[in-house]
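Given next are the chains, with one letter for each unit.
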Amino acid sequence: MLHPRNTEVFFTLNNGVRMPALGLGTAAEPPKTLPPTKQAVKAAVKAGYRLIDTAWAYGTEPYIGEALKELFEEGVVKREDLFITTKVWPTHWDLVEKSLEESLKSLGVEYVDLLLQHWPVCFERVSDPNGVNGIARNPTSSDGKPLLNKKGDHKETWRQIESLYLKKDPRIRAVGVSNFPSEYLDDLLKTAKVVPAVNQVELHPQFSQLKLRETCKNHHIILESYSPMGANGAALTELSIVQELVKKYDASPGAVLISYHVRQGVVTVPLSQNPKNIAANVELVPLTQQDIDALNKNGEEHIVRYRDEQFAYPVPGFREGHERA
Ligand SMILES: NC(=O)C1=CN([C@@H]2O[C@H](COP(=O)(O)OP(=O)(O)OC[C@H]3O[C@@H](n4cnc5c(N)ncnc54)[C@H](OP(=O)(O)O)[C@@H]3O)[C@@H](O)[C@H]2O)C=CC1
Ligand SMILES: O=C1O[C@H](CO)[C@@H](O)[C@@H]1O
């Protein structure tokens, strides 16, 4: 039976903007280095990807900017063919516009399609010449603990984001959040003037987040999965339940893990700097509802969070039922 590729599937956000179901993640980190992001973006766009996921905090925006410039000059795509997401890091919890300006400058574009609040936490701003634009990305106190700004209010970040959106700032087409558990979404929605269009969270067959899925569905918030392969090392590709589906469909593990999201109406942004994996992740596997239910059950019974950020431990619901990866 003929079926589309994951790059040909789009979902409609709660403000009518269309978002591609599959994008390229760009949170490169050691042992990977940042510059290869440029070639990864070029390879992905040439393979049909139209969504690029980045963030002020990743340090990859300048390399994405270089890739975009060449792709536009070579006539491969136009700006309006792409969907670019960036995010406001907790160091900039009260400086949303500054964060957006810095991201746009590094990316060399006039607007982003989606601006996300990266985490519902606030950090102290500490100078660091090796940080992002001179600011420490993960500030720590002398005992090595995350340096949270205790007087900060994570809802201020959303207030600033929605205020840009409400005044129809041409630099953003849609706005959303990331790493918001149900408890925080419910709380935000009590006072929010704009319902976030997207909530980007860790989501995969070892962390299926059924309660959060229900909350997002009730508010027409599209879920977006990060770490769909299990982050660095791609541990999920080895999971026995995934390997069974690889055999059943004669598919690649990457395609199974991506199709699991796309078939549930979830956007996903695997990171890859390997053209073979970038291409493999495009293939849509016709998983049945039974396959998806089994993967979701696994992710409720054996929870593993691969991006287990210590600074988020105070967020209610963040550590519920988790084991360490
Ligand atoms: N909002 C947030 O707080 C967060 C957002 N993110 C976003 O999500 C993106 C993806 O998550 P991330 O944590 O990076 O990790 P992923 O789960 O996407 O895993 C990345 C790893 O998977 C490998 N990989 C990719 N495709 C395949 C494949 N088909 N077969 C085998 N291995 C594969 C990559 O290696 P190779 O390069 O060799 O292919 C890489 O080592 C990030 O890059 C970022 O954009 C991530 C974390 C937090
Ligand atoms: O988006 C993100 O990626 C990093 C890892 O680089 C994680 O801390 C953050 O939420």
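All values reported here derive from a predicted model rather than from experimental measurement.

A. Representation of the packing of helix H1 (residues 37–46) against helix H2 (residues 61–73). Remark: H1 packs on H2, axes separated minimally by 8 Å, with the N-to-C direction vectors making an angle of 40°. Classified by the angle between their axes, H1 and H2 sit oblique to one another. Judged by the twist between their axes, the crossing of H1 over H2 is right-handed. On H2, the residues that touch Thr37, Lys38, Val41, Lys42, Val45 and Lys46 of H1 are Tyr63, Ile64, Glu66, Ala67, Glu70 and Leu71.

B. Just the pattern of salt bridges, in detail. Summed over the entire model, instances satisfying the criterion amount to 22 salt bridges. Salt-bridge contacts for Arg173 lead to Asp113; the nearest nitrogen and oxygen are separated by 2.8 Å. Taken together, the positions of Arg173 in strand S8 (residues 172–178) and Asp113 in strand S6 (residues 112–117) put the pair 60 residues apart, joining distant regions of the chain. For Arg173, a relative accessible area of 36% gives the class partly exposed. A residue is classified by how much of its surface remains accessible, and Asp113, at 0% relative accessible area, is buried. Across the pair Arg171 and Asp169 runs a salt bridge whose closest N-O atoms are separated by 2.8 Å. With respect to class, Arg171 is no different from Asp169; both count as buried.

C. Expanded view of the site of ligand 1. Neighbouring ligand 1 are 31 residues, the closest being Asp53, Gln200, Ser227, Met229 and Ser272. A distance of 2.7 Å separates a nitrogen atom of ligand 1 from a polar atom in the side chain of Gln200. At 2.7 Å, a side-chain N or O of Ser227 approaches an oxygen atom of ligand 1. The cavity that encloses ligand 1 is the largest pocket. Among the residues making up the shell around ligand 1, the classes are represented as eleven nonpolar, 16 polar and four charged.

D. Here's a closer look at the environment of Gln160. Relative to the helices and strands, Gln160 resides in helix H4 (residues 154–166). Expressed as a C-alpha distance, the spacing of Gln160 and Ile278, which sit 118 residues apart in the sequence, is 35 Å. Setting aside residues no more than four positions away along its own chain, Gln160 makes contact with Asp94, Leu95 and Val96. A distance of 3.1 Å separates a polar side-chain atom of Gln160 from the backbone nitrogen of Val96.

E. Expanded view of the layout of surface pockets. The calculated volume of the largest pocket comes to roughly 870 Å³. Around the largest pocket, the lining comprises 43 residues; the ones closest to its centre are Ala27, Ala231, Asn232, Leu271 and Arg307. Mapped onto the lining of the largest pocket, the elements with two or more residues apiece are helix H8 (253–262) and helix H9 (275–280). When the residues that make up the lining of the largest pocket are grouped by side-chain class, the tally is 18 nonpolar, 19 polar and six charged. Reported here for the second largest pocket is a volume of approximately 310 Å³. Surrounding the second largest pocket, 21 residues form its lining, Phe207, Gln209, Lys211, Gly317 and Glu320 being those nearest its centre. Contributing elements (two or more residues each) for the lining of the second largest pocket: helix H5 (182–191), strand S9 (198–202), helix H6 (210–218) and helix H10 (289–301).

F. Layout of the site of ligand 2. Within the structure, ligand 2 sits among Ala27, Glu29, Tyr58, Trp89, His118, Trp119, Arg137, Arg307 and Glu309. In the model, an oxygen atom of ligand 2 is placed 2.4 Å from a nitrogen or oxygen of the Glu309 side chain. Protein burial of ligand 2: of its 270 Å² of free accessible surface, 91% is covered by the chains. Because more than half of its atoms lie within 2 Å of the grid, ligand 2 is assigned to the largest pocket.

G. Highlighting H2. Given a rise of 1.5 Å per residue, 13 residues ought to cover 18 Å, and the 18 Å separating the end C-alpha atoms of H2 matches this to within 8%. Taken as a whole, H2 has its buried residues at Glu61, Ile64, Gly65, Ala67, Leu68 and Leu71. The buried residues of H2 all sit within an arc of 165° when viewed along its axis, so they share a single face. Among the exposed residues of H2, those pointing more than 90 degrees away from its buried face are Lys69 and Glu73. For H2, the elements touching its buried residues are H1, strand S4 (51–53), strand S5 (83–88) and helix H3 (96–107). Downstream of H2 by one or two residues, Gly75 has phi in the positive range, about 75°.

H. Up close: the packing of aromatic side chains. In this structure the tally under the stated criterion is six aromatic pairs. Relative to Phe311, the ring of Trp89 lies with its centre 6.0 Å away and its plane at 80°, an arrangement referred to as edge-to-face. Of this pair, Trp89 sits in the loop between S5 and H3 while Phe311 sits in the loop between strand S12 (304–305) and strand S13 (323–324), placing them 222 residues apart in sequence. Given the relative accessible area of 2%, Trp89 is considered buried.

What counts and what doesn't
- Residues numbered from 1 in each chain as written.
- Chains lettered and ligands numbered in written order.
- Predicted model: local features only at pLDDT ≥ 70, side-chain atom pairs only at ≥ 80, totals over all residues.
- Heavy atoms only, no water.
- Axes fitted to C-alpha atoms, helices over the stretch in contact; angles between N-to-C directions.
- Helix = DSSP H or I, 4+ residues; strand = E, 2+ residues; numbered from the N terminus.
- Parallel < 35°, antiparallel > 145°, perpendicular 65-115°, else oblique.
- Left-handed = near helix turned anticlockwise from the far one by under 90°.
- Contact = heavy atoms within 4.5 Å.
- Salt bridge = Lys/Arg side-chain N within 4 Å of Asp/Glu carboxyl O.
- Buried < 20%, exposed > 50% of the residue type's maximum accessible area, 1.4 Å probe, protein only.
- Near = heavy atom within 4 Å.
- Polar contact = N/O pair within 3.5 Å; in protein donor to acceptor, adjacent residues only side chain to side chain.
- 1 Å grid on protein atoms, 1.4 Å probe; cavity = no way out; pocket = protein on both sides within 12 Å on 5 of 7 lines; lining within 4 Å.
- Sits in = over half its atoms within 2 Å of the grid points.
- Nonpolar A, V, L, I, M, F, W, Y, C, P; charged D, E, K, R; others polar.
- Points joined across faces, edges and corners; volume = space filled by probe spheres on them.
- Areas by Shrake-Rupley, 256 points an atom, 1.4 Å probe, with all protein chains shown as cover.
- Expected span 1.5 Å × (residues − 1).
- Arc of directions from axis to C-beta.
- Phe/Tyr/Trp six-rings, centres within 6.5 Å; stacked < 30°, edge-to-face > 60°.

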